[in-house]
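Topology and contacts: notes
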Amino acid sequence: DVVMTQTPPSLSVAIGQSVSISCKSSQSLVASDKNTYLNWLLQSPGRSPKRLIYQVSKLDSGVPDRFSGSGSEKDFTLKISRVEAEDLGVYYCLQGTHLPYTFGAGTKLELK
Amino acid sequence: EVQLVESGGGLVQPGRSLKLSCAASGFTFSNYYMAWVRQAPKKGLEWVATISTSGSRTYYPDSVKGRFTISRDNAKSSLYLQMNSLKSEDTATYYCARLRYGFDYWGQGVMVTVSS
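Structure report, in brief. The structure displayed is predicted, hence computed values, not measured ones.

Side note on the overall build of chain B
- A count of helical and extended segments in chain B gives zero helices and 11 strands.
- The secondary structure elements of chain B, listed N-terminal to C-terminal, are β-β-β-β-β-β-β-β-β-β-β.
- Expected size for 116 residues packed as a compact globule is a radius of gyration near 13 Å; at 13 Å, chain B falls within 12% of this value.
- For chain B, the spread of C-alpha atoms along the three principal axes comes to 40 × 25 × 25 Å.
- Each of the 116 residues in chain B was classed as buried or not, and the buried ones make up 47%.

See the structure below:
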């Protein structure tokens, strides 16, 4: 199974600060169709997960452009510029290239 | 608006069975692969099952293979998860999710507790 190593496990931030979350996979996530199926999701407190980014860097509809994704092969990053209160919660990366699909352990973003 | 509404959760004894349902609306259900994902209390996310558009292909991780069965009824825009031989480690919130380059829409989740 592909292991998704997500760091840091938690982040304490001030509103307006920028942060980055790393996700590293144990295998390349480039699929046979040349696409890379790496998602970033946010689970706000008491809510179900919501996808923010797919295929490494494509923003889902309605997601603010404060969010950006980058990376390739086995090394990926989610960046949040100018954190707002609504951004707080747990962020997960997900690989959808190889079965079984696997998630990172999560990064909890909290207010400083 | 895409909506996924799960139902059928509850308290069940170890070794017993339970069937979850997910009612989909706001999109053409038959055009999408669908999946179940679970989250144990205070834990991370675990993919549980995926089904193709027609239902002819299904996929499971080893942790549930042989015990869980995913199915769908495209005429009813509904997704199901039959869970047999339940174990305490199956205790979790179960989410129905639509597949499009990953899991693009999620339901609100339904709690399953396996305990005697």
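There's plenty left to go through after this.
Some words on the sheet that holds strand 8 (residues 78-83) of chain B
Residues and elements named next belong to chain B.
- Taken in spatial order, the four strands line up as 1-3-8-7 in an open sheet, and their pairing is antiparallel. The open sheet terminates on both sides in strands that have one partner only, identified here as strand 1 (3-7) and strand 7 (68-73). The average undirected angle you get between the axes of adjacent strands in this sheet is 15 degrees.

Comments concerning the interface of chain A and chain B
- Contact residues are listed per partner, giving 16 residues for chain A and 20 residues for chain B.
- Buried area between chain A and chain B, summed over both chains or domains, comes out near 1500 Å², and the portion from carbon and sulfur atoms is 66%.
- When the area that chain A buries against chain B is broken down by residue, the three leading residues are A:Arg51, A:Tyr101 and A:Phe103, summing to 36%.
- Inspection of the region where chain A meets chain B yields zero salt bridges.

As for the state of the cysteines
All names here are of chain B.
- In this structure the tally under the stated criterion is two disulfides over all chains.
- Across the disulfide from Cys22 sits Cys96; the S-S distance is 2.1 Å. Measuring handedness by torsion sign, the sulfur bridge of Cys22 and Cys96 sits at about -65 degrees and is left-handed. Here the residue Cys22 occupies a position in strand 3 (residues 18-25), and Cys96 occupies one in strand 9 (residues 92-99), the gap between them amounting to 74 residues.

Quick look at the layout of surface pockets
- A volume near 670 Å³ is recorded for the largest pocket.
- Lining the largest pocket are 26 residues, and of these A:Pro49, A:Lys50, A:Arg51, B:Asp104 and B:Tyr105 sit closest to its centre.
- Partitioning the lining of the largest pocket into residue classes produces nine nonpolar, seven polar and 10 charged.
- What the second largest pocket holds in volume is close to 450 Å³.
- Every residue lining the second largest pocket is counted, 21 residues in all, and those nearest its centre are A:Gln43, A:Val90, B:Gln39, B:Lys42 and B:Lys43.
- Among the secondary structure elements, those contributing two or more residues to the lining of the second largest pocket are strand 9 (89-95) and strand 11 (107-111) of chain A together with strand 9 of chain B.
- Broken down by element, the residue count for the lining of the second largest pocket peaks at three residues, all from strand 9 of chain A.

Here we look at the side chain of B:Thr93
All names here are of chain B.
- Relative to the helices and strands, Thr93 is located in strand 9.
- With a relative accessible area of 18%, Thr93 lands in the buried category.
- Excluding its chain neighbours within four sequence positions, the residues that come into contact with Thr93 are Val37, Arg38, Gln39, Gly109, Val110 and Met111.

Quick look at unusual backbone geometry
- Backbone torsion omega between A:Thr7 and A:Pro8 reads -5 degrees, so that peptide bond is classified as cis.
- Along the polypeptide, A:Pro8 turns up in the loop between strand 1 (4-7) and strand 2 (10-13).
- Cis geometry marks the peptide bond from A:Leu99 to A:Pro100; its omega dihedral reads -5 degrees.
- Residue position: A:Pro100 is located in the loop between strand 9 and strand 10 (102-103).
- Positive phi values are uncommon outside glycine, yet A:Lys34 reaches one of about 80 degrees.
- Among the structural elements, A:Lys34 can be located in the loop between strand 3 (19-25) and strand 4 (38-43).
- What makes A:Lys34 exposed here is its relative accessible area of 69%.
- Positive phi, close to 60 degrees, is recorded for B:Lys42, a residue that is not glycine.
- Mapped onto the elements of the fold, B:Lys42 is located in the loop between strand 4 (34-39) and strand 5 (45-51).
- Under the relative-accessibility criterion, B:Lys42 is labelled exposed at 85%.

Cut-offs applied
Residues numbered from 1 in each chain as written. Chains lettered and ligands numbered in written order. Predicted model: local features only at pLDDT ≥ 70, side-chain atom pairs only at ≥ 80, totals over all residues. Heavy atoms only, no water. Helix = DSSP H or I, 4+ residues; strand = E, 2+ residues; numbered from the N terminus. Rg over C-alpha atoms; globule rule 2.2 N^0.38 Å. Buried < 20%, exposed > 50% of the residue type's maximum accessible area, 1.4 Å probe, protein only. Pairing = 2+ DSSP bridges. Axes fitted to C-alpha atoms, helices over the stretch in contact; angles between N-to-C directions. Contact = heavy atoms within 4.5 Å. Buried area = accessible area lost by both parts, 1.4 Å probe. Salt bridge = Lys/Arg side-chain N within 4 Å of Asp/Glu carboxyl O. Disulfide = S-S within 2.5 Å. 1 Å grid on protein atoms, 1.4 Å probe; cavity = no way out; pocket = protein on both sides within 12 Å on 5 of 7 lines; lining within 4 Å. Points joined across faces, edges and corners; volume = space filled by probe spheres on them. Nonpolar A, V, L, I, M, F, W, Y, C, P; charged D, E, K, R; others polar.

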